[in-house]
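# Commentary on secondary and tertiary structure
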Amino acid sequence: MPNQKGHLISVKSKRSMKALLTMLLTVSMIFSWLPQAQASVDPVIHIGEVSGKPGDIVEVPVSYDSKGSAFAFYHSELSFAYDSAVLELVEGDEVVNQQAYEKYQGLNLTKDTSASGYIEVSMMTQQFIDESTELYSLHFKIKENAVIGPSLVTLQTGVWTGDIDPVQVTGQVGQVIVLEDVKPVGNGTVGIGSAQGKAGEKVTLSVDTVSLDQPIGSYGVRLKFNPAAMRVTDVTGNRTGIQYNVNNETGSLIVGWSDEDGGLSPIPASESPQELFNIEFTMASDVIAGEYPVQVVDTALPEHFTVTDADAIEMNKQIVPGKITVVGSPVTPTTPSNPGSSGSGSSSGGSSTPSPSASTSEKITVDVTNERNTNAVVSETIIERTTGADGRKKDEVNLTAEQTSRAIETLKKAGSTIARIMIPDEKDEVSELNVKLPAKSTALMADEKMNLYIETDNASLQLPAKSLQGLDSDVFFHLVPIKDAAGREVVEQRIKKDPLIVEQPINTSDFRLIGRPMTIETNMSSRPVTVVLPIRDTNLTQKELHKLQVFIEHSDGTKELVKGKLVKFNGTDQPGIEFEVTKFSTFSIILMNGSQSSAYIQGYADGTFRPNQAVQRAEMAALLSRVLPSDSEEATLSSSYRDMPVAEWARDAITKATAAGYMRGNAAGDFMPGRSITRAEMAVIIERILTIQESAADVNTEASEATAALSSEATDITLHWAREAVQHVLATGVMRVSQDGAFRPNDAVTRAEAVTLLNRLVKIEPDLSGASRWKDVSADHWAYGAIQAASQN
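Residues numbered from 1 in each chain as written. Predicted model: local features only at pLDDT ≥ 70, side-chain atom pairs only at ≥ 80, totals over all residues. Heavy atoms only, no water.

## Section: the confidence of the model for the protein chain
Summary statistics for the protein chain give a mean pLDDT of 80 and a share of 82% for residues scoring 70 or more. Taken together, the stretch residues 1-15 has pLDDT below 50 and engages in 20 contacts with residues farther than four places along the chain or on a different chain. (pLDDT = per-residue confidence, 0-100. Contact = heavy atoms within 4.5 Å.)

Okay, structure coming up:
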């Protein structure tokens, strides 16, 4: 036996060696003590076991185990198989940690990755490998949508070459264990602000995040305040979805918010403060000076204070209490003896001496900006904000000719034709606004064909240049939002009883007034102006948004019901309703729901459907609970999932889908609401639904008869855990394979696929009529008909 640790034998030496071996084999027939043939060697290839989370890069070691034998080799050709739905090779760096290659002075290493799900590695060393060692590692990335659990890496074929002929390789199976991507528990601090005011005044208190190390998907807070000192009159915020419930008798306020996009639009992590919501308090007229706390009674109780991350997991949180400081003594406002006086000149007696309750004023400079770039200031104007003796605030704006001329000059240089004035009211404390446009200002705008936008938090007015032409006198606009609940109730009852509403051909039992009615008065009549009102109700579905109308009560006694256009209010993400009028008075957004809708999926407030977005497990539970409602509306779980979302919409849907038998959690007691649904999981859900339905026996019989034929159609489910369920569902026609025969069991189900599958399941026919309801779903989209049918009556 030659020295196997020496250098490779030359070709000439090999020929001599073969001749010698031929002679030895002949002799071996006489002498039984000669060694057996090398083909019966015991050494094997070990493939290691590693673990990682979706998105991780992992290295699967490939090792040689000599099993104590004297076998040695210098050349190996090994082919490995892996699940390409779970793993993908790191391009250009597929083989790493070439320990044996380096230790044994490698000559060559090549790899072939041309076949999907396979890699062939050929390695040749300058010295023989005759002891157990790690050869190299296979470099994989775990796909983002990989199913949690083990994924095998196996040795398909292989040979190694020793000193004579190639020998077949045996191997032991390895695996990559895909772990659930468990995020660390987040930390958040919420601060209740401080404010001060006088007796009888309205005071706004801000509740903000102080710091967040993870995005927030929902929050809930129960605040306690002194009902003898203050009353809550409104709760507002800059995010849709805020809900609140107040009891001014007991001094309790509950405010909650959850991301309506199912965790896709959370409050971002930040070390800087971010607004959660604002509370408007009205101080009692007889409240005495001092500090009045606003706080959470017990921060340890979730029903008093809860904050969850984007995956609905409770965060570590703390809250800083706030307070309202009342300054001054209680006063009773008095009516001025001469309300019509301008306040100038002299008067007899002591009536000229200002009283403690006299009005005050301040001047606020605001920018006139270019509509194309709201950060581009083209001019400035002044707001004069007056606080009356009764605490009411009133704004006066006068766009002078000089300011208008400066704005026009800058706009022309920028190639823009729109000037935008945003009149702020951050604390929502202004009760009325008066805007004055001098005749010279409107003439300049009309001559240069410039349009003027006047934007407030309660309404937006868009004045086109053609409507400003030929105005001989100054123009004024008087805007008054009806904020108080009593005023809104009066308007709502008046509209509800109006013949224009009563005579509607739909059921108006579900009639609602949305947001604040707006009274707008002007002397610019019979000229078109575009009005945009904000939609403040954050609980409206996409379908309800499209049902909104504007009830207009004109100052001349006429009324009309206008179907507006949904837009973004003042360029923000808040929805608004836009319409054109030529005469003004009171405008109210109303909703008349009518009959129950058959739509079971909605789009988003920006008018998109997002057909390629993956469907999360919580979202699928919601869809199933709508399209296949459970027998009992009071369905409950015998034991709650450990990761049950705090948001009620997800909690109720998951409870119903689980109680009905459509969906289940894992053995650890988790539902995993934020994880995407795979096609294999969808097949299992559909099979359960079919089994539950009355015709399940016939369906399963048909599926069983078709199983054999389908096994050749779905080319990628042979060893898959959901193989039987996939084949049964394929047999029903609810799910199908692609043109190349693949089922793609580990791909995530998209929103477009979800409605297509559910429509087939409940036999909802595609609707190809009419214009597309969604701006990102054109008529030539493959799922156009299914999406149309699922998102409308």
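From this point, the narrative continues.
## Focus on the sheet that holds strand β23 (residues 305-309)
The sheet built from four strands is open, its strands ordered β19-β20-β17-β23 with antiparallel pairing. Of all the strands in the sheet, just β19 (243-247) and β23 have a single pairing partner and so form its edges. Going across the sheet, the axis of each strand differs from the next one's by a mean of 5°, ignoring polarity. (Pairing = 2+ DSSP bridges. Helix = DSSP H or I, 4+ residues; strand = E, 2+ residues; numbered from the N terminus. Axes fitted to C-alpha atoms, helices over the stretch in contact; angles between N-to-C directions.)

## Remarks on the pairing of β19
Pairing geometry for β19 and strand β20 (residues 252-258), over five bridges, is antiparallel. Residue pairing across strands places N245 opposite I254, the latter belonging to β20. Where β19 hands over to β20, the hairpin turn is made up of four residues, of which G251 adopts a positive phi near 75°.

## Thoughts on the packing of helix α8 (residues 617-627) against helix α10 (residues 679-692)
Between α8 and α10, the shortest axis-to-axis distance is 13 Å and the interhelical angle comes to 25°. In terms of their interaxial angle, α8 and α10 are classed as roughly parallel. Regarding α8 and α10, the two cross each other, and that crossing is right-handed. Facing R617, M620 and L624 of α8, the residues of α10 in contact are E681, M682, I685 and I689. Along the lines of polarity and charge, the residues of the contact of α8 with α10 split into five nonpolar, no polar and two charged. (Parallel < 35°, antiparallel > 145°, perpendicular 65-115°, else oblique. Left-handed = near helix turned anticlockwise from the far one by under 90°. Nonpolar A, V, L, I, M, F, W, Y, C, P; charged D, E, K, R; others polar.)

## Structural notes on helix α5 (residues 485-496)
Between its first and last C-alpha, α5 extends 16 Å over twelve residues, near the 16 Å set by a 1.5 Å rise per residue. Residues G487, V491, E492 and I495 constitute the buried set of α5. All buried residues of α5 lie within an arc of 135° about the axis, which places them on one face of the element. Relative to its buried face, α5 has exposed residues pointing more than 90 degrees away, namely A485, A486 and V490. Elements in contact with the buried residues of α5: α6 (499-502), β34 (511-522), β36 (549-554) and β40 (585-592). (Expected span 1.5 Å × (residues − 1). Buried < 20%, exposed > 50% of the residue type's maximum accessible area, 1.4 Å probe, protein only. Arc of directions from axis to C-beta.)

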